[in-house]
Amino acid sequence: MIFLTTLPLFWIMISASRGGHWGAWMPSSISAFEGTCVSIPCRFDFPDELRPAVVHGVWYFNSPYPKNYPPVVFKSRTQVVHESFQGRSRLLGDLGLRNCTLLLSSLSPELGGKYYFRGDLGGYNQYTFSEHSVLDIINTPNIVVPPEVVVGSEVEVSCMVPDNCPELRPELSWLGHEGLGEPSVLGRLREDEGTWVQVSLLHFVPTREANGHRLGCQASFPNTTLQFEGYASLDVKYPPVIVEMNASVEAIEGSHVSLLCGADSNPLPLLTWMRDGTVLREAVAESLFLDLEEVTPAEDGVYACLAENAYGQDNRTVGLSVMYAPRKPMVNGTMVAVEGEMVSILCSTQSNPDPILTIFKEKQILATVIYESELQLELPAVTPEDDGEYWCVAENQYGQRATTFNLSVEFAPLILLESHCAAARDTVQCLCVVKSNPEPSVAFELPSRNVTVNETEREFVYSERSGLLLTSILTLRGQAQAPPRVICTAHNLYGTKSLELPFQGAHRLMWAKIGPVGAVVAFAILIAIVCYITQTRRKKNVTESPSFSAGDNPPVLFSSDFRISGAPEKYESREVSTLE
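Residues numbered from 1 in each chain as written. Predicted model: local features only at pLDDT ≥ 70, side-chain atom pairs only at ≥ 80, totals over all residues. Heavy atoms only, no water.

**Some words on a nonpolar patch on the surface**
Together, Ile356, Ile370 and Tyr371 make up a nonpolar patch on the protein surface, roughly 310 Å² of accessible area in all. Relative to the elements of secondary structure, Ile370 occurs in strand E31 (residues 364-370). (Patch = residues over 30% accessible without salt bridge, like charges linked within 9 Å, V, L, I, M, F, W, Y side chains within 5 Å. Areas by Shrake-Rupley, 256 points an atom, 1.4 Å probe, with all protein chains shown as cover. Salt bridge = Lys/Arg side-chain N within 4 Å of Asp/Glu carboxyl O. Helix = DSSP H or I, 4+ residues; strand = E, 2+ residues; numbered from the N terminus.)

**Some words on empty space enclosed by the protein**
Inspection of every chain in the model, using the stated rule, returns three cavities of 30 Å³ or more. Considering only enclosed or pocket space, the largest cavity measures out at about 60 Å³ in volume. Taken together, Ala32, Phe33, Thr36, Cys37, Pro162, Asp163, Asn164, Cys165, Leu168, Pro170 and Phe221 make up the lining of the largest cavity. Among the residues making up the lining of the largest cavity, the classes are represented as eight nonpolar, two polar and one charged. (1 Å grid on protein atoms, 1.4 Å probe; cavity = no way out; pocket = protein on both sides within 12 Å on 5 of 7 lines; lining within 4 Å. Points joined across faces, edges and corners; volume = space filled by probe spheres on them. Nonpolar A, V, L, I, M, F, W, Y, C, P; charged D, E, K, R; others polar.)

**Brief notes about the packing of aromatic side chains**
Between two aromatic rings, the relevant description is the distance of the centres plus the angle of the planes. Enumeration according to the criterion identifies 16 aromatic pairs in this entry. With a centroid separation of 6.2 Å and an interplanar angle of 55°, the aromatic rings of Trp22 and Phe129 are classed as tilted. Here Trp22 is found in the segment before strand E1 (23-25), whereas its partner Phe129 is found in strand E10 (residues 126-138), with 107 residues between them in sequence. The pair Trp22 / Phe129 is uniform in exposure class, with both members buried. Pairing Phe33 with Phe228 gives two aromatic rings, centres 4.6 Å apart and planes at 20°, and the pair type is stacked. Here Phe33 is found in strand E2 (residues 29-33), whereas its partner Phe228 is found in strand E18 (residues 227-233), with 195 residues between them in sequence. Of the two residues examined, Phe33 and Phe228, each falls in the buried class. Through a chain of ring-to-ring contacts, the aromatic side chains of Trp22, Phe44, Phe46, Trp59, Phe117, Tyr127 and Phe129 assemble into a single cluster. Here the basic side chain of Arg214 rests over the ring of Tyr231, its NZ or CZ set 3.9 Å away from the ring centre. (Phe/Tyr/Trp six-rings, centres within 6.5 Å; stacked < 30°, edge-to-face > 60°. Buried < 20%, exposed > 50% of the residue type's maximum accessible area, 1.4 Å probe, protein only. Lys NZ or Arg CZ within 6 Å of the ring centre and 35° of its normal.)

**Remarks on the pattern of salt bridges**
Inspection of the entire model under this criterion finds 11 salt bridges. Among the salt bridges present, the one from Arg98 reaches Asp48, with a minimum N-O distance of 3.7 Å. Residue Arg98 is located in the loop between strand E7 (89-91) and strand E8 (102-104), and its partner Asp48 is located in the loop between strand E4 (43-45) and strand E5 (56-61); the two are separated by 50 residues in the primary sequence. By relative accessible area, which is 43% here, Asp48 ends up partly exposed. Its salt-bridge partner being Glu362, residue Lys361 comes within 3.7 Å of it at the nearest N-O pair. Taking the relative accessible area as the measure of exposure, Glu362 reaches 67% and is therefore exposed. The structure contains a network of salt bridges with shared partners spanning Asp45, Asp48 and Arg98.

**Description of the nonpolar core**
In this structure, Phe44, Trp59, Leu104, Tyr115 and Phe117 are the most contacted members of the largest nonpolar core, which totals 28 residues. The set of elements that each furnish at least two residues to this core consists of E2, strand E3 (38-40), E5, strand E6 (72-75), E8, strand E9 (113-120) and E10. Broken down by element, this core gets its largest block of residues, three residues, from E10. Among residues more than four places away in sequence, those in contact with Leu104 are Thr36, Cys37, Val38, Ile40, Val73, Phe85, Arg88, Ser89, Tyr115 and Leu135. Counting residues in each nonpolar core, the second largest holds 26 residues, with Leu103, Val161, Leu180 and Cys217 among its members. (Core = buried A, V, L, I, M, F, W, Y, C linked by side-chain atoms within 4.5 Å. Contact = heavy atoms within 4.5 Å.)

Rendered as structure tokens:
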């Protein structure tokens, strides 16, 4: 609907009631087309007791004070006016009836301004009213478009022109309205007291295509050449539609990728690039690029572009596939198993496209799959021979990667047949080689002496592990009698194994046998020490199994008859004596 308050005009009065006071009423503003005329309605009042015989009046331009010598627009006493208004101003009202309406003709831009009226009742009874009317000289019709024009919603556009010239009446017509709707003319309407407008309306339902359309209104005056045109561009609001976007994209790892999203909307949309709910970039624009430098597999996925404004939204997605060589395979599964158990090992990797996966052990292919990201290796019942290093290899056209892993098979100790004792001169060396997982505890038992020496007693036993083999060496020196019986016992959480170590000839020295172990630390102790330890422990009523340990070695007597042989430098030689 049109509201006829576009030209806000109102009457101003000094007194609260008519009569008895000086006061004037005129529109605060009024407008007219250049070259036409304008009638400024005016009424005034003065105290009733004055009762003048004749009432005169003066219209001033731009100043209410005569002492400032403002241009005289009209003066009833002398008809003398400023040259700008000669032949262009006359009084339409009857001053005796307190009507001071003024008519200005042949309007030109310089006549635009403030107009003041002064009442002259004779003598000192003169009064210049502060109330005034502002004249606006125009040359274009006023097209009023609603503040918001939304696509799909009917709108009313009006063309309004002043109609305050009694001599010339404007006629209105629309320009560029084809395809929008048919106009309707409301005619001459009173806007405020004393002012008038001509109004024509145009109703239509706007489309996207109507946005930016230039709509015009023409005011013409019959029987003249006067013609005025005004234009307004339609600002049609509509929600975004994404009109430009990449198709699915394939890129090699490390390359540059640029994704484009463009939308049509009014006002401009907020464009947002998102991935998995995370905002990557956004801007208010017609189009927005998302640049990905040196793309990685982590950036592979679906990207969404969201376009939105106050009137709606639109969204589209694009898939980015990053091609890359396999990553280092990951191995998950049982890395430690007990002999006889089933073992399942999963090897997996990431690549694009999916790789060929293969599991090797000692260059033998155990399992393989093509174009899969996972490979399962199953061993129904593992044996110690399954213990060892494995390889998982993944490859595609972009590269190859491999991972090694170890399978540890746990089993009860096995004392190998190469275990034995050997005597040379006064030295006895016993070698016990044990295959076991986990590492066993090894002890040497001398039944004839009722003594057990284990590997924790480093002064008597030296041990070294290589892979699944544990080699323990017991060295006795100063043996004058027949070599004692020696039993090697190996124990871990899966079982215990014992073996009486056989003696070999004196010509086979022990350190020659254990060359692979490295430098052998050998300790010699006399059987007399063993006897002494046994008797000493019996005297102390020790109830636990007799054995040597680094923390409770009994005191011994020293002599120069016996000494340690074959020990590393970190062990000092110790001389001991035998007891009878």
